[in-house]
Protein chains: 2
Amino acid sequence: MQTLQVHTPGHSYPIHIGHRLLDNLAELIRPHIRDKAAIISNETVAPLYLAPVEAACRQLGIPFCAIILPDGEQYKSNESLQQIYTGLLQHHTDRRTTLLALGGGVIGDLAGFAAATYQRGIPFIQIPTTLLSQVDSSVGGKTGINHPFGKNMIGAFYQPQAVIADTATLRTLPPREFSAGLAEVIKYALLGDINFLAQLEHTMPALMQQDQAALAGTIRHCCQMKADIVEQDEKEHGIRAHLNLGHTFGHAIETQMGYGNWLHGEAVAAGMVLAARLSERKGYLKTADTERIIRLLQAARLPVSPPDFSADTWLAHMQHDKKNQAGQIRLVLLKQLGQAAVEAGFSREDMASLLQSV
Amino acid sequence: MQTLQVHTPGHSYPIHIGHRLLDNLAELIRPHIRDKAAIISNETVAPLYLAPVEAACRQLGIPFCAIILPDGEQYKSNESLQQIYTGLLQHHTDRRTTLLALGGGVIGDLAGFAAATYQRGIPFIQIPTTLLSQVDSSVGGKTGINHPFGKNMIGAFYQPQAVIADTATLRTLPPREFSAGLAEVIKYALLGDINFLAQLEHTMPALMQQDQAALAGTIRHCCQMKADIVEQDEKEHGIRAHLNLGHTFGHAIETQMGYGNWLHGEAVAAGMVLAARLSERKGYLKTADTERIIRLLQAARLPVSPPDFSADTWLAHMQHDKKNQAGQIRLVLLKQLGQAAVEAGFSREDMASLLQSV
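Cut-offs used in this document
- Residues numbered from 1 in each chain as written.
- Chains lettered and ligands numbered in written order.
- Predicted model: local features only at pLDDT ≥ 70, side-chain atom pairs only at ≥ 80, totals over all residues.
- Heavy atoms only, no water.
- UniProt positions renumbered as here; feature names shortened; annotations may be inferred.
- Helix = DSSP H or I, 4+ residues; strand = E, 2+ residues; numbered from the N terminus.
- Buried < 20%, exposed > 50% of the residue type's maximum accessible area, 1.4 Å probe, protein only.
- Contact = heavy atoms within 4.5 Å.
- Polar contact = N/O pair within 3.5 Å; in protein donor to acceptor, adjacent residues only side chain to side chain.
- Pairing = 2+ DSSP bridges.
- Axes fitted to C-alpha atoms, helices over the stretch in contact; angles between N-to-C directions.

Chain A carries the name 3-dehydroquinate synthase in an unreviewed UniProt entry, which gives Eikenella longinqua as its organism. Here chain A is described in UniProt, under the heading Sequence similarities (unreviewed entry), as follows: "Belongs to the sugar phosphate cyclases superfamily. Dehydroquinate synthase family." A UniProt comment under Catalytic activity (unreviewed entry) is attached to chain A, and it reads "7-phospho-2-dehydro-3-deoxy-D-arabino-heptonate = 3-dehydroquinate + phosphate".

Right under this line is the structure:
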């Protein structure tokens, strides 16, 4: 097991990463549990991994309840949030209850936001079971739900007591979701570290076969990168916005196609290609750089072209992005491979002409 | 105009109190506004005071929108919250928008929670227009909404950029709501300061006639007391719980009678009498102390007896209280006039026997 410590103002918490950590879950959660636990999971993950989490609670002798939601990005909604609140109240949970979020990014974001807002805040632990949530969404304290008008529009910054990433749970992940997780891994390689990019091109075949050592090392590297960024900028006033590379385009794809039809990572993959092409047009990247990005995404079996909809449809979605200021769309671009920057002043003409180039 | 400064970890903000502050609102909000403003108010307050707030925005040259909700505690709900989110998105507000909460405690709690959670947090300013919200709910950063199973069950601790309490707005407050605000004023007198209690008994007739000097002085005293408590204990781990004197009983009354039928302050008044009677039964207060409390509440034209429902009904509501730990009901009692303490171990028998004594 490897453990990172994340420091944010007023709070510090561990990320444990390793093979079969669920077998020893009681010891890992013991320091963070008080009177009671409430497990939040979904109908796909619960049959696979609820039993070891319940066993850990029993081993610690603490009462628990489980609230099981339907599976899918379309359930990262106000309705699911209300279902969690109602379940917590029906089970008479109070401020000394710890929430355990067992599942992927949707469960982590939903349960984290429920923890942030139930009785004005109760402790929670992330137990991510997808690659996407292990490398990205369980680190950094962003919690929230979607609104019919836009993704992640409602939420809070709220840090967990601990993150427990068991790489063995990735064996049960559908290949398409595993690939979607790799999109965020590739994003980290494009953001900060040209050596990591080269290393990733080398280890991608091993990752695709779920080599446990390659997985643990890669997840640790991404978590460390994200933790470093979050420690510098918890509330996204500056550098943390770089983590949104490909996401403004990606969110537009997800919203337009209907949540759940394109996986988040798939939309981000196509979004990163758009961001790279735009960076090319601005004279920052070479065509060879974009092609290198496309090859790596393809090695991870990810889409590299966006779905077909009009420039106006793109812009209507992109106008709701949280990075925007004074009505101007702001995008994360690549000044070069390994170096991102936020730029403003993206127009309808830019979008129309960009669409013709992909 | 009097100004207090409230300090909480990582944030400090002013409370301005005075007569006709809305006339000079632009200057008071100028330091806290960036690109845009969104005014949240209700159908009762907007016709009276929306115009000066809009005028202040115009004077500062910033675009604004107004989201007007129905009036009443029953609208401190998830539905109203969604209405705010949808309005904010329809008006393309982003993270540089400041929310202005114009109204009583319901609007302050709702708009504050919307500000805490819209795009993971945007700045907001409280402009309380009721006595209750001026003395109590606009200070301290508690925001939130009700759940059908219990009051204030969903929320966040989130501090405003500024509080602007214009005592002239109290002239348009219905007498019943003005009295309800005095319930919280009386609560402060019972909690911390026997001199303030004596002074309040003396000035109650002047307050009932809305003498402006008496009002400003009293509001300032209550805000200062609350600010001192919140500075010591923002997240209610200790002394802040004392501010819930009368509230556990009061919340049960509000929930059982249906939100809005008993005003919050009325329910708290009857709740404080129950807390006082219970404190008597524990040997803390003398009967004369309780009678002194009752006389002061009556001078403010507040109810001093709870509505009639069974011990089991009381307990069913009280079991959801946020102060509870390990399933035990915890109540704020008075060890003596001016000194509160939280005590656990309140049983069905205690409730039944207490009800027979009132």
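That was the structure; now back to the text.
Residue and element names in this part refer to chain A. When the UniProt feature table is mapped onto this chain numbering, "binding site: Zn(2+)" (unreviewed entry) sits at Glu184, His247 and His264. In three dimensions, the annotated residues from a span of 81 residues occupy one location, with a maximal C-alpha spread of 10.2 Å. Considering the arrangement of structural elements, one finds His247 in helix H9 (residues 247–257). Judged by relative accessible area, His247 falls into the buried class, the value being 6%. With residues near it in sequence (within four places) discarded, His247 still touches Glu184, Lys187, His264 and Val268. Here His264 shows up in helix H10 (residues 264–281). A residue is classified by how much of its surface remains accessible, and His264, at 17% relative accessible area, is buried. Look past the residues within four positions of His264 in its chain and what remains in contact with it is Leu132, Lys151, Glu184, His247, His251 and Glu254. Polar contacts involving the side chain of His264 include one to the side chain of His247, which spans 3.4 Å.

Quick look at the sheet that holds strand E4 (residues 64–69) of chain B now. Residues and elements named next belong to chain B. Taken in spatial order, the seven strands line up as E1-E2-E9-E6-E5-E3-E4 in an open sheet, and their pairing is mixed. Looking at the sheet topology across the chains shown, the edges are occupied by strand E1 (2–8) and E4. The sheet shows a mean angle of 15 degrees between the axes of neighbouring strands, taken without regard to direction. Taken together, the six bridges between strand E3 (residues 36–42) and E4 define a ladder with parallel strand orientation.

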